[in-house]
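Residue-level structural notes
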Amino acid sequence: MTTSVLKRTDTGIVLQGLTKSFRTPAGPVQAVRGIDVTIGAGETVALLGPNGAGKSTTIDMLLGLLPPDAGSISVFGRSPQDAVAAGAVGAMLQTGGLISDLSVREMLEMVASLYPRPLPVDEVVELTRIGDLVARRTTKLSGGQTQRLRFAIALISNPDLLVLDEPTVAMDVEARRDFWATMRTFAARGKTVLFATHYLEEADAYADRIILMAHGRVVADGPATEIKATVGLRTIRATLPDADLAALRALPGVSSVDTRGEAVILQCTDSDTALRALLPACPAARDIEVTGAGLEEAFLQMTAEEDA
């Protein structure tokens, strides 16, 4: 099932009819199967999908690192290669190393020299909060510190489009919080951001829009709230000591029951019907909450439908 939630009228980044296959010892693998996506200037977009969905291949084609088998890519009216050369695109990928024996500041100054209109190094250092690292050699950085430097490198060209592939991998909780604070500051300048992540809560919290991929196709595209609304499941949580789980499972509209101490959690296909049945059946129930499906439930359901 493909859910098209939003229609875009601006043409910042356009992927049209994009396909890509690879030859493997086991035979050809079709990684991307006809993607049509338009991202408007100034949007922050999360690219989600299980392993093998085609996210990284799509990002590599957007950056000009891989040629598509078919289809076209436009980045602010330019080819990916021209946009990168002009400094209009900054990227932080899962792979790629740092030059050994340079300090963090020297690394940033070297990269800045490659672009026509880079941001001042001191501004990038302040923006990415790596002032404590500027004198340290790149070989002496931890995994999380390396990620922070790679993020600074992605910003140094002052790009109009920032592409991030699993940017917070290896970061601890505090570093992840600082990273997203920086992202909000940078995006507020009118920049376009596309990020792929396995942390669904990051996509839910920070993306204006989510593109969900499975098996090389786009299966959902829109704000997190609308994607979650396509999943009919709702959850009823209530405090109910000594609950009769069998009786709860038998309530109309209830698909499954779980417990957390004295709390019961009812997964419902029809929460209104279930709630109307719960109250007279269990008058001792209190602290009742009804919540919609989360992004994880939507992710699992939509990718499962594509598998089927």
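Everything below is about the structure shown above.
Let me begin by describing the structure that accompanies this report. Bear in mind the structure is a predicted one, so any value in this text is a computation, not a measurement.

Criteria and thresholds
- Residues numbered from 1 in each chain as written.
- Predicted model: local features only at pLDDT ≥ 70, side-chain atom pairs only at ≥ 80, totals over all residues.
- Heavy atoms only, no water.
- Helix = DSSP H or I, 4+ residues; strand = E, 2+ residues; numbered from the N terminus.
- Buried < 20%, exposed > 50% of the residue type's maximum accessible area, 1.4 Å probe, protein only.
- Contact = heavy atoms within 4.5 Å.
- Areas by Shrake-Rupley, 256 points an atom, 1.4 Å probe, with all protein chains shown as cover.
- Salt bridge = Lys/Arg side-chain N within 4 Å of Asp/Glu carboxyl O.
- Patch = residues over 30% accessible without salt bridge, like charges linked within 9 Å, V, L, I, M, F, W, Y side chains within 5 Å.
- Arc of directions from axis to C-beta.
- Polar contact = N/O pair within 3.5 Å; in protein donor to acceptor, adjacent residues only side chain to side chain.
- Pairing = 2+ DSSP bridges.

**Observations regarding the overall build of the chain**
Summing up its helical and strand segments, the chain has 11 helices and 14 strands in all. Along the first, second and third principal axes, the C-alpha atoms of the chain reach 70 × 45 × 40 Å. Counting every position in the chain, which comprises 308 residues, the buried fraction comes to 47%. Considering only contacts in the chain between residues 6 or more positions apart, those separated by 24 or more positions represent 71%. If you sum the accessible surface of the chain, you get close to 14700 Å²; carbon and sulfur atoms cover 50% of it.

**What to know about the pattern of salt bridges**
Going through the model one piece at a time under the given rule, you end up with 15 salt bridges. Between R260 and D258 there is a salt bridge; the shortest N-O distance is 2.5 Å. Overall, the relative accessible area of 36% leaves D258 in the partly exposed class. In the salt-bridge network here, residues are joined through shared partners; they are R129, E174, R177 and D178.

**Observations concerning a nonpolar patch on the surface**
A contiguous nonpolar surface patch, about 220 Å² in accessible area, is contributed by L279, I288 and V290. With respect to the helices and strands, V290 occurs in strand β14 (residues 286–292).

**Quick notes on helix α10 (residues 271–281)**
S271, A274, A277 and L278 are the residues of α10 that are buried. Down the axis of α10, the buried side of the element spans an arc of 130°, and every buried residue falls inside it. Residues of α10 that are exposed and point more than 90 degrees away from the buried face comprise R276 and P280. Packed against the buried residues of α10 are β11 (234–239), α9 (245–249), β12 (254–260), β13 (263–268) and β14. Two to three positions downstream of the cap, the backbone nitrogen of D272 sits 3.3 Å from a side-chain oxygen, assigning the N-cap of α10 to D270.

**Points about the side chain of T128**
Its location among the elements puts T128 in helix α4 (residues 121–128). For T128, the side chain forms a polar contact with the main-chain oxygen of V124, separated by 2.7 Å. With near-sequence residues (within four places) excluded, T128 lies in contact with F151, A152, L155 and T182.

**Some remarks on the pairing of strand β3 (residues 27–39)**
Pairing between strand β2 (residues 13–24) and β3: 10 bridges, direction antiparallel. Pairing of I13 across the sheet is with I39, part of β3. Turn length for the β2-β3 hairpin, with the two strands adjacent in sequence and antiparallel, is 2 residues.

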